[in-house]
Protein chains: 2
Amino acid sequence: MAQRQTTQRTAAGSGFGTTAADLPTVADLHAAAERIGPYVHRTPVFTNSYLDAESGARLFFKAENLQKVGAFKMRGAANFVLQLSAAEARRGVVTHSSGNHGQAVAAAARARGVPATVVMPRSSSAVKRAAVAGYGAHVVLCEDGDAARAAAAGRIEAEQGATLIHPYGHPRIVAGQGTLALELFEQVAALDTVVAPVGGGGCLSGISVAARARHPELAVYGAEPAAADDAARSLAAGHIIPVEQPDTVADGLRTSLVQLTFALLRGNGVAILTVEEADIIAAMRLIWTRMKLVVEPSAAVTLAAVLAHPEPFRGRRVGLVLTGGNVDLDHLPWLQG
Amino acid sequence: MAQRQTTQRTAAGSGFGTTAADLPTVADLHAAAERIGPYVHRTPVFTNSYLDAESGARLFFKAENLQKVGAFKMRGAANFVLQLSAAEARRGVVTHSSGNHGQAVAAAARARGVPATVVMPRSSSAVKRAAVAGYGAHVVLCEDGDAARAAAAGRIEAEQGATLIHPYGHPRIVAGQGTLALELFEQVAALDTVVAPVGGGGCLSGISVAARARHPELAVYGAEPAAADDAARSLAAGHIIPVEQPDTVADGLRTSLVQLTFALLRGNGVAILTVEEADIIAAMRLIWTRMKLVVEPSAAVTLAAVLAHPEPFRGRRVGLVLTGGNVDLDHLPWLQG
């Protein structure tokens, strides 16, 4: 137990994944898919002839905005919570997130009847807090800033023996997110390429594991805001270069890679395409207008990347991951002065 | 040919449907489904556990917002255009519409290589005109008002020998729209009830034909803005009472029943539920927020009706038709002062 506790804490501190033994394999993804099946949606894949014509490619959109809690994050959170021991489950889970991961942990914990605490900054919107509370989690407010959030979560971890669930820096999370690629490969034959957003890299690195194992020739691209381009810089430099105070509309992609996700992206030969803010907003609006899907800015970076960098995609069959659809409908980016 | 031309003109003037021979049957719907199959999407059906809990029912949303041109109107337009004779096809089609029907006629005509003219009021937005033109139709501008629109379309009909396609007052249109119900019955077993919006009644009356033939016990409800409640008044009175200058956010539902749709709704025992403007906007926002689907106000009246009138739906399996998703993203109703 002490050992497990320590491992947990290391993962939360994002030290995981520096040795091959820590890296999730496609077998872990298949086990995750089996495990989480009853708790997640098998999301549909959409095509759109207008966007095919615009891009010169054949696009297949994996609609994780229609996933439970409105984002792929439910996959990793469910895969984590379902692997807790009975004793761990009794002590509960904790995370700090003002976004989709917080809702996902809350929903996954409720599905198993596990107590959950989500640390959120005081500055987070009442709507987001209500969403987390709506999934049955206990919301603890803290001061703004990563340090304050981590400290508050650490206190709950220590005092209650709760298990901390990092949003991307753990093999269970990566394996859970990667299940969306296994589905996509079943749903669409003969894909040439997959494009997914990259923030902390949990989703993209999970996809890279599935792609390398199942379709070694398939090209995997990460789409990243130029204003938060730590993945592009880190892979180019060969070591992690965290992003400092990123200012991007894609609020889900402000985070930086950790050792685990960096190792997987590098090892699996993932390339990064960066996109400008205006392109993200335009792509988001295109998806709303043409596909009638509510997606958040972080999801739209995929289409933005394909439209801004058409060369590698022309004439190809391209999977794009629409990662989430949790948007503040009172503050749409094209309506901001 | 002269005979056909006359029939066409009567239909356009909405005198169709006063005799049983004019009424479409379920055989017409099946023939339409076969005919239009290659030109339309088989749209998905979505469920949502949150909205189930809110309504106390089990809701199945038929997502015609994901249909080609973003609305069910593509079904009827395709069914009409595909039945033109070779000579009629050469002379082309004409309609007057500032909404989804105009886009649908344009797209259906292009699919068969038929020239199309869409009469639109000068006051219609540049976005809507561009959408119609984008589907390859010739746009003719006219003054505002039903009379000016009908006159302009009538001139094109007379001068070019073009076939006028009424948005709902024709058996081919009703049969085309009704195909969505055939699909829904295949996709969802054991429905108790179907709820669809009612404007001119083409969609709702087509559904009523499918329901009576295939599931005689199934209850069919029309959902209608209280501010445009001609269907509710007309069915109560036993004769058509057109709505005068309706002021509703549901811009697709400002039209009134015609003889054909009135006869079908009355004959098939359809009941109407009316909803207030605030309820329509709230339901639209709920669908965007919880289902991540872009739907227009006219589509949201279905959920609004189920939430405002829960009694007939409690514990039942209810199909709701999300008729379209064409929205001006610069002017969302909850952001209007």
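See the structure above.
These numbers come from a predicted model, not from an experiment.

Which parts of the structure should I look at to understand the overall build of chain A?
A count of helical and extended segments in chain A gives 14 helices and 10 strands. Seen along its three principal axes, the alpha-carbon backbone of chain A occupies a region of about 55 × 45 × 40 Å. By residue count, 55% of the 337 residues in chain A fall in the buried class. Restricting the contact set of chain A to residue pairs at least 6 apart, pairs at least 24 apart contribute 73%.

Quick question: what am I supposed to make of the relation of the copies chain A and chain B here?
One copy of the chain maps onto the other through a rotation about an axis plus a displacement along that axis. The two copies are related by a screw operation: chain A maps onto chain B through 180° of rotation and 0.0 Å of translation along the axis, at an RMSD of 0.0 Å. Look at the turn and shift together and you get a two-fold axis relating the two. Of every C-alpha in chain A, the one belonging to Leu-293 of chain A sits nearest the axis of rotation, 2.4 Å from it. A share of 100% of interface residues in chain A that are also interface residues in chain B marks the association as one of identical surfaces.

What exactly am I supposed to notice about the packing of aromatic side chains here?
Describing an aromatic ring pair means giving the distance of the ring centres and the angle of the ring planes. Within the structure shown, the criterion is met by five aromatic pairs over all chains. Ring centres 5.6 Å apart and planes at 75° place the aromatic pair Trp-288 of chain A and Trp-288 of chain B in the edge-to-face group. Residue Trp-288 of chain A is located in helix H13 (residues 277-291), and its partner Trp-288 of chain B is located in helix H13 (residues 277-291); the two belong to separate chains. Overall, Trp-288 of chain B belongs to the buried group, its relative accessible area being 0%. Taken together, the ring pairs in this structure connect Trp-288 and Trp-334 of chain A together with Trp-288 and Trp-334 of chain B into an aromatic cluster. Above the ring of Tyr-50 of chain A, the side-chain terminus of Arg-290 of chain A is found at 3.6 Å from the ring centroid.

I tried to follow the interface of chain A and chain B on my own but got confused; where do I start?
When the parts come together, some accessible area is lost, and that loss is often what is quoted as the size of the interface. Taken together, the contact pairs 21 residues of chain A with 21 residues of chain B. Summed over both partners, the interface of chain A with chain B comes to about 1700 Å²; 61% of that surface belongs to carbon and sulfur atoms. One can count two salt bridges joining chain A with chain B. On inspection of chain A and its partner chain B, the count reaches 10 residue pairs in polar contact (both at pLDDT 80 or more). If you tally residues by element for the side of chain A that touches chain B, the top one is H13 of chain A, at five residues.

What is the right way to look at the pattern of salt bridges in this model?
Residues and elements named next belong to chain B. The final tally for this structure, using the stated rule, is 18 salt bridges over all chains. In this structure, Glu-186 engages Arg-42 in a salt bridge whose closest nitrogen and oxygen atoms are separated by 3.0 Å. With a gap of 144 residues between them, Glu-186 in helix H9 (residues 171-187) and Arg-42 in the loop between helix H2 (26-36) and strand E1 (45-46) connect regions that are remote in the sequence. The same class applies to Glu-186 as to Arg-42, namely exposed. Among the salt bridges present, the one from Glu-183 reaches Lys-62, with a minimum N-O distance of 2.6 Å. Taken together, the residues span a long stretch of sequence, with Glu-183 in helix H9 and Lys-62 in strand E2 (residues 58-63) at a distance of 121 residues. Just as Glu-183 is buried, Lys-62 falls in that class too.

Help me understand the environment of Ala-111 of chain B in this model?
Residue and element names in this part refer to chain B. For Ala-111, the location among the structural elements is in helix H6 (residues 100-112). With relative accessibility at 41%, the residue Ala-111 sits in the partly exposed group. Ala-111 sits 30 residues away from Val-81 along the chain, and the two C-alpha atoms are 9.2 Å apart.

Even after reading the chapter, I still don't get helix H11 (residues 230-237) of chain B, so can you show me in this structure?
Spacing of three or four residues puts side chains on the same side of an α-helix, whose turn is 3.6 residues. All names here are of chain B. Of all the positions in H11, only Asp-230, Ala-231, Ser-234 and Leu-235 are classed as buried. Projection of H11 onto a plane perpendicular to its axis shows the buried side chains occupying an angular sector of 120°, all on one side. On its buried face, H11 sits against strand E8 (219-225), helix H12 (259-267) and strand E9 (271-275). Gly-238 lies just past H11 and shows a positive phi near 85°.

Would you take a moment to explain the sheet that holds strand E5 (residues 138-142) of chain B for this structure?
Consider a sheet: its strands pair through backbone hydrogen bonds, and that pairing is either parallel or antiparallel. Residue and element names in this part refer to chain B. Strand order in the open sheet formed by four strands is E5-E4-E3-E6, with parallel pairing between adjacent strands. If you trace the sheet from one side to the other, it starts and ends with E5 and strand E6 (163-164), each paired once. Relative to E5, strand E4 (residues 116-121) runs parallel, the two being bridged by five bridges. Following the sheet pairing, Val-118 is matched in E5 by Val-139. Its contacts with the sheet put H6 on strand E3 (93-96) and E4, and the angle it makes with E3 is roughly 170°.

Looking at this structure, I do not really get the packing of helix H6 (residues 100-112) of chain A against helix H7 (residues 126-134) of chain A. What am I missing?
Between two packed helices, the angle of one axis relative to the other and the distance separating the axes together describe the packing. Residue and element names in this part refer to chain A. Interhelical geometry of H6 versus H7 gives an angle of 15° and a closest axis separation of 8 Å. Overall, the two elements H6 and H7 adopt an arrangement that is roughly parallel. H6 and H7 meet at a crossing whose hand is left-handed. Contacts between H6 and H7 involve Gly-102, Gln-103, Ala-106 and Arg-110 on the former and, on the latter, Ala-131, Val-132 and Gly-134.

How do you make sense of the environment of Ala-223 of chain B when you look at a structure like this?
Residues and elements named next belong to chain B. Within the secondary structure layout, Ala-223 lies in strand E8. Looking at Ala-223, the relative accessible area reads 0%, which means it is buried. Aside from chain neighbours lying at most four places away, what touches Ala-223 is Val-195, Ala-196, Pro-197, Val-198, Leu-253, Leu-273, Val-301, Thr-302 and Ala-305.

Explanation requested: the packing of H2 of chain B against H9 of chain B in the structure shown.
All names here are of chain B. Contact geometry for H2 and H9: axes closest at 8 Å, N-to-C directions at 90°. Considered as vectors, H2 and H9 are oriented roughly perpendicular to each other. Where H2 approaches H9, its residues Val-26, Asp-28, Leu-29, His-30, Ala-32, Ala-33 and Ile-36 are matched on the opposing element by Ala-175, Gly-176, Gly-178, Thr-179 and Leu-182. For the contact of H2 with H9, the residue count by class is seven nonpolar, four polar and one charged.

Even after reading the chapter, I still don't get the sheet that holds strand E10 (residues 317-322) of chain B, so can you show me in this structure?
Residue and element names in this part refer to chain B. Read across the sheet, six strands follow the order E1-E2-E10-E7-E8-E9 without closing on themselves; strand pairing throughout is mixed. Each edge of the sheet is formed by a strand with only one pairing partner; in this case those strands are E1 and E9. In the sheet, strand E7 (residues 193-197) pairs with E8 via five bridges, with the strands oriented parallel. The residue of E8 that forms the bridge with Val-194 is Val-220.

Just to check I follow, could you spell out the pairing of E8 of chain B for this structure?
Across a regular strand the side chains alternate sides, sitting on one face of the sheet and then on the other. Residue and element names in this part refer to chain B. When you tally the buried positions in E8, you get six out of seven residues, the bulk of the element. Where the polypeptide runs from E7 across helix H10 (residues 202-214) and back to E8, its parallel neighbour, the crossover connection is right-handed. As paired elements, E8 and E9 share five bridges and run parallel to each other. The residue bridging Pro-225 from the neighbouring strand is Val-275, located in E9.

Just checking my understanding: could you explain the nonpolar core for this structure?
One recurring pattern in soluble globular proteins is that nonpolar side chains are buried together. Counting 74 residues, the largest nonpolar core has Leu-59 and Trp-288 of chain A together with Leu-59 and Trp-288 of chain B as the members making the most contacts within it. When sequence neighbours within four positions are dropped, the list of residues in contact with Trp-288 of chain A reads Leu-293, Val-294, Val-295, Val-327, Leu-329, Leu-332 and Trp-334 of chain A together with Trp-288, Val-294 and Leu-329 of chain B.

Procedures and definitions
- Residue positions within a chain follow its written sequence, with the count starting from 1.
- Ligands are numbered from 1 and chains lettered from A, in the order in which they are written.
- Totals for whole chains, interfaces and linings use all residues, but because this is a predicted model, local features are given only for residues with pLDDT of at least 70 and pairs of side-chain atoms are given and counted only at 80 or more.
- Only hydrogens and water are set aside when side-chain values are computed; all heavy atoms of the structure are taken into account.
- Secondary structure elements follow DSSP: runs of H or I no shorter than four residues count as helices, runs of E no shorter than two count as strands, and numbering proceeds from the N terminus.
- Here's how the labels work: a residue is buried when its accessible area is under 20% of the maximum for its type, exposed when over 50%, partly exposed in between, all with a 1.4 Å probe on protein chains only.
- Any two residues having at least one pair of non-hydrogen atoms within 4.5 Å are treated as being in contact.
- Alignment of copies: least-squares fit on C-alpha atoms of residues with pLDDT of at least 70 in both copies.
- Each Phe, Tyr or Trp ring, with Trp reduced to its six-membered ring, pairs with another whose centre is within 6.5 Å; inter-plane angles below 30 degrees give stacked pairs, above 60 give edge-to-face pairs, and intermediate values give tilted ones.
- Charge-over-ring contacts are defined here by two conditions on Lys NZ or Arg CZ: a distance within 6 Å of the ring centre and an angle within 35 degrees of the ring normal.
- Throughout, the accessible surface (probe 1.4 Å) given up by two parts as they are put together, summed over both, is called the buried area.
- The salt bridge definition used is simple: a Lys or Arg side-chain nitrogen within 4 Å of an Asp or Glu carboxyl oxygen.
- Pairs of N or O atoms are called polar contacts if they sit within 3.5 Å, as long as, within protein, a hydrogen donor faces a hydrogen acceptor (for residues adjacent in sequence, only side-chain-to-side-chain pairs).
- This arc is taken over the directions from the axis of the helix to the C-beta atoms.
- Strand pairing follows a simple DSSP-based rule, namely that at least 2 bridges must link the two strands.
- The axes used here are C-alpha line fits, helices contributing only the stretch in contact, and every angle between their N-to-C directions lies in the interval 0 to 180 degrees.
- Angles are sorted into four bins: roughly parallel if under 35 degrees, roughly antiparallel if over 145, roughly perpendicular if 65 to 115, and oblique for all others.
- The hand of a helix crossing depends on one turn: near helix anticlockwise from the far one by less than a right angle means left-handed, and clockwise means right-handed.
- Any residue that is not Ala, Val, Leu, Ile, Met, Phe, Trp, Tyr, Cys, Pro, Asp, Glu, Lys or Arg is counted as polar, Gly included; the first ten are nonpolar and the last four charged.
- Seen with its strands pointing away from the viewer, a crossover is right-handed when the path leading from the first strand over the helix to the second is clockwise.
- In this text, buried Ala, Val, Leu, Ile, Met, Phe, Trp, Tyr and Cys residues form a nonpolar core when linked through side-chain atoms within 4.5 Å.

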